[in-house]
Amino acid sequence: CARVADRAAQQVRAGQDVEVIADAAGEVLTALSGGSEGSVTGPLSTLADTYDRAARSPHGVMPAGAVARELRHAARQLGAIGMLTGRGSEALGTAALLIALAGLVAEVAAWQQWHRRSHQAAAARATAQALPGLARTACPRQPETARAIAPVNQSRQRPHPTHSPKPGSPGRGR
């Protein structure tokens, strides 16, 4: 699942299938929250609800590309698993997925900002900033988790590399 989220982040960075990938990422977050928290509303469920605004497309439902289909398949697999125990390699896998989703959601935030969808960008940014903290909670004793989280937070401070400001505009994010 984490590898698919990483590939999806690359596609969003390239401006490909962004709206369907953003929607599919929301499905993964929702499925992960259901598997982690069950019927109790917890921090991951709250983030999934926050991100829902970022994933909304003004164009309605669009045909999904291969990566979006893979994300949706991952969401279905998570749903089929049921409750996640949060122990051992499952905890590390959950943390890796949360970190990968943080990177993907940060790319969605940059794309939304570029398209001047400030409310959607703000929702995605808030979600991307909170996900690494949940990864630490999912896997608190793993030093790899802390090392993996730092680059996600630092790399998302730069402008979206494939999108330069539109001619005549003051630039993105200003």
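This one's a predicted model, so the numbers in the text were calculated from it and none came from an experiment. (Residues numbered from 1 in each chain as written. Predicted model: local features only at pLDDT ≥ 70, side-chain atom pairs only at ≥ 80, totals over all residues. Heavy atoms only, no water.)

### Considerations on the packing of helix H2 (residues 18-37) against helix H4 (residues 66-81)
Between two packed helices, the angle of one axis relative to the other and the distance separating the axes together describe the packing.
Part 1 of the reasoning: Contact pair H2 / H4: the axes reach a minimum separation of 8 Å and the direction vectors enclose 10 degrees. By the angle class used here, H2 and H4 are roughly parallel. Along its contact with H2, which presents Val20, Ile21, Asp23, Ala24, Ala25, Glu27, Val28, Ala31 and Leu32, the element H4 presents Val67, Ala68, Leu71, Arg72, Ala75, Leu78 and Gly79. (Axes fitted to C-alpha atoms, helices over the stretch in contact; angles between N-to-C directions. Helix = DSSP H or I, 4+ residues; strand = E, 2+ residues; numbered from the N terminus. Parallel < 35°, antiparallel > 145°, perpendicular 65-115°, else oblique. Contact = heavy atoms within 4.5 Å.)

### Concerning the side chain of Gln112
Part 1 of the reasoning: Among the structural elements, Gln112 can be located in helix H5 (residues 88-114).
Part 2 of the reasoning: Non-local contacts of Gln112, meaning those with residues more than four positions away in its chain, are made with Ala54, Arg56, Arg117, Gln120 and Ala121.

### Topic: the nonpolar core
Part 1 of the reasoning: Ile21, Tyr51, Leu71, Leu101, Leu104 and Leu131 are the most contacted members of the largest nonpolar core, which totals 45 residues.
Part 2 of the reasoning: Listing elements by their share of this core, those giving two or more residues are helix H1 (2-13), H2, helix H3 (43-55), H4, H5 and helix H6 (118-138).
Part 3 of the reasoning: If one sorts the elements of this core by residue count, H5 sits on top with 13 residues.
Part 4 of the reasoning: Every residue in contact with Tyr51, bar those within four places of it in the chain, is listed here: Ala22, Ala25, Gly26, Leu29, Val105, Val108, Ala124 and Thr127. (Core = buried A, V, L, I, M, F, W, Y, C linked by side-chain atoms within 4.5 Å. Buried < 20%, exposed > 50% of the residue type's maximum accessible area, 1.4 Å probe, protein only.)

### Some details on unusual backbone geometry
Part 1 of the reasoning: The phi dihedral of Asp17 falls on the positive side, at around 50 degrees, and the residue is not glycine.
Part 2 of the reasoning: Among the secondary structure elements, Asp17 is positioned in the loop between H1 and H2.
Part 3 of the reasoning: The exposure class assigned to Asp17 is partly exposed, which follows from its relative accessible area of 37%.
Part 4 of the reasoning: Of note, Arg116 is a non-glycine position whose phi angle comes to about 60 degrees, a positive value.
Part 5 of the reasoning: Along the polypeptide, Arg116 turns up in the loop between H5 and H6.
Part 6 of the reasoning: Residue class for Arg116 comes out exposed when judged on its relative accessible area of 53%.

### Looking at the confidence of the model for the protein
Part 1 of the reasoning: Per-residue confidence for the protein gives a mean pLDDT of 77, with 72% of residues at or over 70.
Part 2 of the reasoning: Highest mean pLDDT in the protein belongs to H1 (91); lowest belongs to helix H7 (residues 143-155) (45).
Part 3 of the reasoning: In this model, residues 145-159 is a region of pLDDT below 50 whose contacts with residues beyond four sequence positions or in other chains number 24 contacts.
Part 4 of the reasoning: Scored below 50 in pLDDT, residues 163-174 makes 20 contacts in the model with residues more than four places away or belonging to other chains. (pLDDT = per-residue confidence, 0-100.)

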